[in-house]
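Residue-level structure breakdown
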Amino acid sequence: MKKIGFLSFGHWTPHVSSQTRSASDALLQSIELAVASEELGADGAYFRVHHFARQLAAPFPLLAAVGARTKRIELGTAVIDMRYENPLYMAEDAGSADLISGGRLQLGISRGSPEQVIDGFRYFGYAPIEGQSDTEMARKHTEVFLDVLKGKGFAQPNPAPMFPNPPGLLRLEPHAEGLRERIWWGSSTNATAEWAAKMGMNLQSSTLKIDENGKPFHEQQAEQIRLYREAWKAAGHIRTPRVSVSRSIFALVNDQDRQYFGASKDSDSIGMLSDRERAIFGRSYAAEPDELIRQLKKDEAIAEADTLLLTVPNQLGVDYNAHVIEAILKHVAPGMGWR
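Residues numbered from 1 in each chain as written. Predicted model: local features only at pLDDT ≥ 70, side-chain atom pairs only at ≥ 80, totals over all residues. Heavy atoms only, no water.

Observations regarding helix α2 (residues 59-69)
- Considered for burial, the residues of α2 that qualify are Pro-59, Phe-60, Leu-62, Leu-63, Ala-64, Val-66 and Gly-67.
- Turning to α2, the residues buried within the fold contact α1 (23-40), β2 (44-47), β3 (74-81), α3 (87-101) and β4 (105-110). (Buried < 20%, exposed > 50% of the residue type's maximum accessible area, 1.4 Å probe, protein only. Helix = DSSP H or I, 4+ residues; strand = E, 2+ residues; numbered from the N terminus. Contact = heavy atoms within 4.5 Å.)

Notes on the side chain of Arg-182
- Turning to its location among the elements, Arg-182 is positioned in the loop between α4 (134-148) and β5 (183-186).
- At 3.4 Å, the side chain of Arg-182 and the backbone oxygen of Gly-178 are in polar contact.
- Sequence-distant contacts of Arg-182, defined by excluding residues within four places in its chain, comprise Asp-98, Gly-103, Arg-104, Leu-105, Gln-106, Leu-107, Glu-177 and Asn-202. (Polar contact = N/O pair within 3.5 Å; in protein donor to acceptor, adjacent residues only side chain to side chain.)

Structural notes on the pairing of strand β10 (residues 269-272)
- Relative to strand β11 (residues 278-281), β10 is paired through 4 bridges, and the arrangement is antiparallel. Bridge pairing links Met-272 to Arg-278 in β11.
- As consecutive antiparallel partners, β10 and β11 are separated by 5 residues. (Pairing = 2+ DSSP bridges.)

Structural notes on the nonpolar core
- Membership of the largest hydrophobic core comes to 74 residues, with the highest contact counts inside it found for Leu-107, Ile-109 and Phe-145.
- For this core, the leading source of residues is helix α10 (residues 318-336), giving 8 residues.
- With residues near it in sequence (within four places) discarded, Leu-107 still touches Phe-60, Leu-63, Thr-77, Ile-80, Met-90, Ala-94, Phe-145, Arg-182, Ile-183 and Trp-184. (Core = buried A, V, L, I, M, F, W, Y, C linked by side-chain atoms within 4.5 Å.)

Concerning the sheet that holds β11
- Taken together, 3 strands build an open sheet; the order of strands is β7-β11-β10 and the sheet is antiparallel. Both outer strands of the open sheet, β7 (208-210) and β10, are each paired with one neighbouring strand and no more. Neighbour-to-neighbour, the strand axes of this sheet turn through a mean angle of 30°, independent of strand direction.
- Along the sheet, helix α6 (residues 217-235) makes contact with β7 and β11, crossing β7 at roughly 70°. (Axes fitted to C-alpha atoms, helices over the stretch in contact; angles between N-to-C directions.)

Here's the deal with helix α8 (residues 289-296)
- Those residues of α8 not exposed but buried are Pro-289, Leu-292, Ile-293, Gln-295 and Leu-296. Along α8, the residues classed as buried sweep out an arc of 165° about the axis, all on the same side. (Arc of directions from axis to C-beta.)

Shown next as structure tokens:
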């Protein structure tokens, strides 16, 4: 059994060929796709967070809205860039969204990806202290966020408050019980995966990874997952962690599918994220269901993970994306042993 959800970047563009032409379209269609996915039997609705871009940006209003419209499906992000976040305010927002959904939030966070603007976090009022990198700042924000999610009091109460206080130090409210165990770290390297395990976070690994040994993408990602699990065990955590991988997977079951994705690239690619970082990008999968099953059975990282996130072409509209998800659930998942 494997959990299967979708991951949407929420792209929008005012172009005649796009079904998602405004920010309003992107947000409202994200809600509708989550509702449709739940009805189809999918397990998760996850959303990317990008600042200064025509994509989804502020996740918590969206997650709260989806939570109010659905009953069962997991709701998550992949990922929130912690360089931009006030961890205390974020904990309040996350707690509120989690309570609205009835405890279904699965929150993916990370250091973030290459940005639309230079050091965009500075416009949000955050800058590394002297001698600190932006990566270290993101980890510090993360550590504070994880700590306050435990629900322990830390703030000295006012001796003459407007409203009566419970005894002792005060915690942030609202507190969402169990949310601390539903935080995921988006990792692109083996070392950050091991750090996430040490910190007691679940692991998200996407279709991009820093190329650390020249092996095919799925093999490197599978190694990363195994190292993460070893580090988790060494850290002495009691619960069993969760691991997700993202993939672009399309079952070609009609002429429209073949028109859109019949010529998809079927090999990994290499690119540079910076002057020093060589990245490997995982291949897309697009084929008739029987052939797709044969190809996917060779993907070592999918086999290692307990959760698969299907990246969806959101600009093709809700109906077509629901079809993409349904085709995987109906024609591929049973043959893979996922259902």
